[in-house]
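Topology and contacts: notes
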Amino acid sequence: MPRSLEFHGSAAAWDDYPVEIIDSHSLGPHQRIVLSFADSGLRFKPGQFLNLSVPGHLLRRPLAPAGQHGSEIELIVTPFGPGTHKLVRLKPGSRLRALAPLGNSFPVAPGDAVLIGAGAGAAPLAFLAARLLAYGRNVTVLHGAPSNEDAELVRALYGGLEVQLEYFSEDGSLGRTGLPTAALHELLASGAEVTVYSVGPYALMKAAAAVALAWRRPAFVSLDAHMACGVGACLSCAVMTKSGQKHACKDGPVFAAEEVRW
Amino acid sequence: MNRLEVEFLGIRFPNPVVTASGTFNYGLEYAHLYPLSALGAITTKGTSLEPIAGAPTPRITETPMGMLNAIGLENKGVEAYLQHELPWLKEQGARVIVNVFGDRAGDFAEVARRVSPYANLIEVNLSCPNVHGGRLPFAHDPQAAAEVVRRVKDATERPVLAKLSPNGPILPVAEALEAAGVDGFSLINTLLGMRMDLDKKRPILGNASGGLSGPAIKPVAVRLVYELYRHTDRPILGMGGVASAADALELALAGASLVAVGTATFSNPYAPYKVIKGLDEYLSEREETWRDWIGAAHTPN
Ligand SMILES: Cc1cc2nc3c(=O)[nH]c(=O)nc-3n(C[C@H](O)[C@H](O)[C@H](O)COP(=O)(O)OP(=O)(O)OC[C@H]3O[C@@H](n4cnc5c(N)ncnc54)[C@H](O)[C@@H]3O)c2cc1C
Ligand SMILES: Cc1cc2nc3c(=O)[nH]c(=O)nc-3n(C[C@H](O)[C@H](O)[C@H](O)COP(=O)(O)O)c2cc1C
Ligand code: FES
């Protein structure tokens, strides 16, 4: 019936998949976890996420893949509360379940790109970088961290990619001293006609969005919200946009920066 | 033979498993996993006359064997659901329980009147604040709650369930609602609770307090359904922490004719479907029916 079809829109056909941890190792304060989706045929796009079960926990945890190789999905998990602490301690061979693929993805904009991130935000950005390179875009990555603690993370994620990587540490222990948003400002002030993509703490994305908007460059961010269902049913992940209240799990997590009410 | 079939307030349900309000939205998100018509019924997200934006975030946080939520009754308002979701649910062949609430009795009634063409049952959420009345939510003020039920009964031909809150005595409220003509009861709504953020030294939830749901509250639900069953002749839709066939059967023994699956759907989106399958296997093995179990804990040995 036409009404149902129209109303269905492009509702992504996510499902609940059995997954197995096939590799897990530390990258300083982060953990790289590789999940096997067996022969599910599932395909993630950069920016999409999965909602992963954690043994002993009622709710799943949303995580955005850093890449996909066949049926293997690479995750970066930064221990935060009890659920993510448990996740990073799980051994290869652990079997979990994942709702996937969830949410929308980053658009591949025409022209070159600047990716500005921090912490595990580098995961979906690295996935995006690979996609943008495949489309022939030049990609600059500005990664910020409190110290040199993310050295292993950026090497693991960006090492094999032809990106221009600049590392920023607040304490000056690696790369440039200060925040990556300063470099974004310089770049855009020099007239670079780039699209800006940012994933990281709210304050970083907000600052990156402000710089991009000031220079009238398009920008996309991935909004973080506490999630329960991950699929649009519980209404817990509300985010405010200029076209009204949205839900990060279903309408996002990727939003145009100018759409967000920061 | 369908061992799960049950008649509830004159409506034939193919099985007793329904979704709990607020945990399944209007069903659209899960419709590609299994046909919604395969469930006993869909209970919609709480619906009010006007759209409500809801509470500040964070709106959820996990607790031992449960979760706290303070969604703040976000919904698009009855008009939007009449345009899209309700006709769509009807097209799916699903049985529909519309959960309604309002600031005042007349608002509940108006929402109930408008959704009636699409509803098999109306569930009245009494746990919301009585904005224009006393300090208590409707659920804890027998007179205010009875007024809501009277107005809703006048506004709709559909059977009306009153959803009771576990955060106060339920029997005086249930008695007043019976006098007001309520057709049945659903319980339990969430238990009020709070969690603190040690770094911020503030409550975690944007709304400070929230409602506890999930396995942690199941014993409370079983106890309250049991208690209510002994005092009423009206049928009961039981809920609170149901995640398996065994959980559903506990509520049936206590006195529930229908059971709702809520928070379990967040852990496993197939949970309502799984409970139906589990009940079918369990009862087939024993050559029993769901109806045999309703209130069975109350029969003398
Ligand atoms: C779309 C999306 C993608 C994400 N991708 C990654 C990633 O790739 N790597 C990574 O390390 N982290 C990622 N996060 C954040 C990660 O989900 C949280 O750190 C994690 O859920 C916290 O769980 P916890 O048990 O450690 O903490 P707790 O505070 O104990 O979590 C309790 C509950 O709150 C929810 N919650 C708490 N904090 C967050 C948060 N920041 N975001 C969403 N839900 C939260 C949890 O899901 C859980 O249900 C992502 C978040 C979102 C929304
Ligand atoms: C996220 C969430 C939203 C809810 N929203 C509503 C609501 O709008 N109206 C209502 O009557 N109950 C609402 N409830 C309560 C549930 O319908 C149910 O009574 C309660 O969660 C207990 O069942 P459970 O333990 O199976 O979840 C909500 C519960 C949750 C977890
Ligand atoms: S997490 Fe449930 S609606 Fe977004």
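The text that follows walks through the structure, step by step, so that each part is easy to find. Note that the coordinates shown come from a computational prediction; the quantities given were computed from them, not determined experimentally. Here the residue index of a chain counts from 1 through its sequence in written order. Note on labels: chains are lettered from A, ligands numbered from 1, in written order. Totals for whole chains, interfaces and linings use every residue, but because this is a predicted model, local features are given only for residues with pLDDT of at least 70 and side-chain atom pairs only at 80 or more, for both listing and counting. Based on all heavy atoms of the structure, the side-chain values leave hydrogens and waters out of the count.

**A closer look at the overall build of chain B**
Stated precisely, the cut-off is as follows: Put simply, DSSP marks the helices as runs of H or I at least four residues long and the strands as runs of E at least two long, and each gets a number from the N terminus on. To get the radius of gyration, use the C-alpha atoms; to get the globule rule, take the number of residues to the power 0.38 and multiply by 2.2 Å. Whether a residue is buried, partly exposed or exposed follows from its accessible area with a 1.4 Å probe, protein chains only, as a fraction of its type maximum: under 20%, in between, or over 50%, in that order. Should any heavy atoms of two residues lie within 4.5 Å, those residues are counted as being in contact.
Within chain B, the regular secondary structure consists of 10 helices and 16 strands. Over its C-alpha atoms chain B spans a radius of gyration of 18 Å, differing by no more than 12% from the 19 Å that the globule rule assigns to 301 residues. C-alpha extents for chain B along the principal axes are approximately 50 × 50 × 40 Å. The proportion of buried residues among the 301 residues of chain B is 57%. Residue pairs at least 24 apart in sequence account for 68% of intrachain contacts in chain B once pairs closer than 6 positions are excluded.

**Some details on the pairing of strand β14 (residues 209-213) of chain B**
Residues and elements named next belong to chain B. Worth spelling out the cut-off: Here, any two strands with at least 2 DSSP bridges between them count as paired.
Relative to β14, strand β6 (residues 66-69) runs antiparallel, the two sharing three bridges. Following the sheet pairing, Leu-68 is matched in β14 by Leu-212. Bridging between strand β11 (residues 191-194) and β14 involves four bridges; their strand directions are antiparallel. When the bridges of β14 are listed, Met-194 appears paired with Ser-209.

**Thoughts on the site of ligand 1**
Residues and elements named next belong to chain A. Counted only if it meets this: Any residue with at least one heavy atom within 4 Å of a molecule or strand is counted as near it. Throughout this description, a polar contact denotes any pair of N or O atoms lying within 3.5 Å of each other; where both atoms belong to protein, one of them has to be capable of donating a hydrogen while the other can accept it, and for residues adjacent in sequence the pair is counted only when both atoms sit in side chains. For every accessible area listed, the method is Shrake-Rupley and the probe measures 1.4 Å; residues are considered covered only by the protein chains on display. Delimitation of the domains relies on an automatic or database domain assignment.
Around ligand 1, the surrounding shell holds 21 residues, and the nearest of these are Pro-62, Ile-76, Gly-81, Thr-84 and Asp-224. One of the backbone nitrogen or oxygen atoms of Gly-83 is found 2.7 Å away from an oxygen atom of ligand 1. Compared with its free state, where it exposes 830 Å², ligand 1 has 89% of that area covered by protein. Going through the elements one at a time, β4 (61-63), β6 (72-77) and α2 (82-89) are the ones with two or more residues in the shell around ligand 1. Counting residues domain by domain, the shell around ligand 1 receives three or more from each of domain 1 (3-102) and domain 2 (112-259).

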